[in-house]
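Survey of secondary and tertiary structure
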Amino acid sequence: VSLPTLARLHCCGITVICRQFVKSNEMDQIVVQQSLPLLSQCTVYSNDIASALHKHVVECYQNLRKEKDDEKIEKDIVKMIDKKKESARVIARRQKQMKADAKAKQEADAEMIEEQEQNGDADADSEMNKEAAEKAADEDQAKEEAEDKYEKALNSWKDACLPL
């Protein structure tokens with residue numbers, strides 16, 4: 001009957017303890033021939049693998065901390081803006097000015113696109129717009145990816161270094 005590894009390890013431990021109490025050649029042979037090979041097989045530990053996994057966990061943790069720190073800074077900026085408690089008129093003026101600036105920028109961009117189309121440079125501008133949209137989406141995904149990488153690294157370290 002083949003026992004699970006954990007049960008065999010417990011039996012090996014009991015055998016080694018019995019050998020300490022009962023000094024005999026038979027117990028010595030059992031420990032040397034059966035217990036020690038099983039113990040060495042189950043406790044294979046590579047320092048290189050453990051240190052590499054630890055390094056990976058630390059790197060992922062640092063990336064995650066950076067993402068969380070960036071998020072905290074953004075929240076602090078929003079809080080500072082809220083603390084200013086600007087009047088409704090000032091906010092309305094600023095928003096009106098922002099809309100006017102945005103409209104002027106759109107008109108300028110439209111003119112620039114027309115000029116680029118005439119010159120054949122429209123591809124460069126459309127690529128810049130695509131890159132800006134992708135950058136915004138990437139920022140959200142970066143935090144999620146950092147959390148996922150950290151969790152995977154931590155789990156792989158636990159699986160490799162903490163089974164016993």
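Residues numbered from 1 in each chain as written. Predicted model: local features only at pLDDT ≥ 70, side-chain atom pairs only at ≥ 80, totals over all residues. Heavy atoms only, no water.

1. Some points on the overall build of the chain
Tallying secondary structure elements over the chain gives five helices and zero strands in all. In the chain, the order of α-helices and β-strands from amino to carboxyl end is α-α-α-α-α. Expressed as a percentage of the 164 residues in the chain, the buried residues total 11%. Partitioning the contacts of the chain with sequence separation of at least 6, the portion at a separation of at least 24 is 69%. By element, 54% of the accessible surface of the chain is carried by carbon and sulfur atoms, the whole surface being about 13900 Å². (Helix = DSSP H or I, 4+ residues; strand = E, 2+ residues; numbered from the N terminus. Buried < 20%, exposed > 50% of the residue type's maximum accessible area, 1.4 Å probe, protein only. Contact = heavy atoms within 4.5 Å. Areas by Shrake-Rupley, 256 points an atom, 1.4 Å probe, with all protein chains shown as cover.)

2. Observations concerning the packing of aromatic side chains
As enumerated under the stated definition, the model contains one aromatic pair in all. Judged by centre distance (5.5 Å) and plane angle (50°), the rings of Tyr-61 and Tyr-150 are tilted. Taken as a pair, Tyr-61 in helix H3 (residues 47-84) and Tyr-150 in helix H5 (residues 122-161) lie far apart in primary sequence, 89 residues in all. Look at Tyr-61 and you get partly exposed, because its relative accessible area is 41%. (Phe/Tyr/Trp six-rings, centres within 6.5 Å; stacked < 30°, edge-to-face > 60°.)

3. Quick look at the side chain of Ser-35
Inspection of the secondary structure assignment puts Ser-35 in helix H2 (residues 25-42). Excluding residues within four positions of it along the chain, Ser-35 makes contact with Cys-12, Thr-15 and Ile-30.

4. Here's the deal with the confidence of the model for the chain
Counting all residues, the mean pLDDT for the chain is 76, and 78% of those residues have values of 70 or more. Within the chain, no element has a lower average pLDDT than H5, which sits at 71, and none a higher one than helix H1 (residues 5-21), at 82. (pLDDT = per-residue confidence, 0-100.)

5. Structural notes on the pattern of salt bridges
Between side chains of opposite charge, pairing is possible as soon as their charged atoms come close. Per the stated rule, a full pass over the model turns up two salt bridges. Put simply, Arg-19 and Asp-28 hold a salt bridge, and the shortest N to O gap is 2.5 Å. Residue Asp-69 pairs with Arg-65 through a salt bridge whose shortest N-O separation is 3.4 Å. Taken together, the residues Asp-69 and Arg-65, both in helix H3 and four residues apart, mark about one turn of the helix. Given the relative accessible area of 34%, Arg-65 is considered partly exposed. (Salt bridge = Lys/Arg side-chain N within 4 Å of Asp/Glu carboxyl O.)

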